[in-house]
Amino acid sequence: MPEPPSDRTVVSLPLETDTLQRFRTLPPELENLVARRLGGPWRLFVYEAEGTPVAWSFLHLPEQKEWLDSVPTLPGECRETSTFVMPEQRGKGLRAKLLEAQSAFCTDMGLRRHWAIVEKRNGASISSSLRAGGRIAAKSLVIKMLGRNIVEVRITPNGNPRPSILFRRRREVR
Ligand SMILES: CC(C)(COP(=O)(O)OP(=O)(O)OC[C@H]1O[C@@H](n2cnc3c(N)ncnc32)[C@H](O)[C@@H]1OP(=O)(O)O)[C@@H](O)C(=O)NCCC(=O)NCCS
């Protein structure tokens with residue numbers, strides 16, 4: 001695997017109105033995500049190259065239980081989501097760099113769990129998670145109806161299936 005440039009590092013940013021002003025150019029998809037999440041319990045991690053974000057990832061850090069993609073994030077946890085590496089920068093281990101920076105942040109903040117949901121078919125995401133020191137904590141089967149996740153059956157490490165009904169969402173965040 002090619003090495004990412006050593007002179008560049010990951011920046012960790014709170015989501016504020018001027019968060020993106022430090023960058024010279026901005027991918028519209030990142031701009032949209034930040035605009036949608038302003039004021040929410042989020043932190044942004046960006047791998048920057050010459051003033052441009054080339055990879056990014058968010059941590060969801062709610063103070064109260066909060067639902068995201070039909071699965072709740074609990075207080076005291078930090079959940080990785082919306083990670084994206086620009087196509088021309090893939091295969092250089094940038095996601096692992098983002099995850100490492102997030103893990104260090106979670107440790108500093110005394111958060112007990114850094115986790116993410118990864119689809120089984122996303123091999124690049126699974127291998128980059130394992131490369132960053134992650135492990136598969138549980139496997140889930142999600143039953144969808146009309147594009148929404150309705151029932152999750154989680155297979156715990158002892159092999160017991162544990163169904164959860166997901167359609168009663170207290171608060172949906174994006
Ligand atoms: C998944 C993703 C974040 C991985 O990031 P990354 O920094 O490229 O991860 P890595 O460098 O560790 O590479 C992971 C695997 O992707 C492969 N890969 C996928 N596309 C590649 C490309 N265009 N060039 C080179 N390698 C690529 C690598 O070879 C590597 O495979 P290996 O582990 O078998 O060696 C990135 O592919 C991406 O942004 N995908 C689209 C969005 C997405 O799926 N986000 C994650 C949701 S959980």
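Our subject is the structure that appears above.
Only a predicted model underlies this, so the values are computations on that prediction, with no experimental measurement involved.

Trainee: Requested: an account of the overall build of the protein chain, with residues and values cited.
Mentor: Counting its secondary structure elements, the protein chain contains three helices and 11 strands. Going residue by residue from the N terminus, the α and β elements of the protein chain occur as β-α-β-β-β-β-β-α-β-α-β-β-β-β. Within the protein chain, buried positions represent 20% of all 174 residues. Counting contacts in the protein chain only where the partners sit at least 6 residues apart, residues at least 24 apart contribute 54% of the total.

Trainee: Please provide a residue-by-residue account of the site of the ligand, values included.
Mentor: As a structural note, the neighbourhood of the ligand is formed by 18 residues, with Arg90, Gly91, Ala124, Ser127 and Ser128 the closest of them. With five residues, helix H3 (residues 123–131) is the largest single contributor of residues to the shell around the ligand. When grouped by side-chain class, the residues that make up the shell around the ligand number seven nonpolar, seven polar and four charged.

Trainee: Could you give an account of the environment of Pro53, naming the residues involved and the relevant values?
Mentor: Within the secondary structure, Pro53 is located in strand E3 (residues 52–60). Given 22 C-beta atoms within a 10 Å radius, Pro53 is considered buried. When the C-alpha positions of Pro53 and Val10 are compared, they lie 9.7 Å apart, and in sequence the two are 43 residues distant.

Trainee: Which residues make up helix H2 (residues 94–108), and what are the values?
Mentor: A turn of α-helix holds 3.6 residues, and therefore any two residues three or four places apart point the same way. In this model H2 runs 21 Å from its N-terminal to its C-terminal C-alpha over 15 residues, within 8% of the 21 Å that 1.5 Å per residue would give. Listing the buried residues of H2 in full gives Leu94, Arg95, Lys97, Leu98, Leu99, Gln102 and Cys106. Packing partners of the buried residues in H2 comprise strand E1 (10–14), strand E2 (42–49), E3, strand E6 (77–85), strand E7 (113–115) and H3. Note on H2: the residue one or two positions beyond its end, Gly110, has a positive phi of about 70 degrees.

Trainee: An account of the pairing of E6 is requested, with residue identities and associated values reported.
Mentor: The pairing of E3 with E6 spans five bridges and is antiparallel. Residue Trp56 lies in a different strand from E6, and its bridge partner there is Phe84.

Trainee: Residues and numbers for unusual backbone geometry, please.
Mentor: Although it is not a glycine, Glu50 sits at a positive phi angle of roughly 50 degrees. Structurally, Glu50 is set in the loop between E2 and E3. In this structure, Ser82 takes a positive phi of about 55 degrees despite not being glycine. Among the residues examined, Ser82 registers 17 C-beta atoms within 10 Å and is labelled partly exposed.

Rules behind the numbers
- Residues numbered from 1 in each chain as written.
- Predicted model: local features only at pLDDT ≥ 70, side-chain atom pairs only at ≥ 80, totals over all residues.
- Helix = DSSP H or I, 4+ residues; strand = E, 2+ residues; numbered from the N terminus.
- Buried ≥ 20, exposed ≤ 12 C-beta atoms within 10 Å, placed from the backbone.
- Contact = placed C-beta atoms within 7 Å.
- Near = placed C-beta within 6 Å.
- Nonpolar A, V, L, I, M, F, W, Y, C, P; charged D, E, K, R; others polar.
- Expected span 1.5 Å × (residues − 1).
- Pairing = 2+ DSSP bridges.

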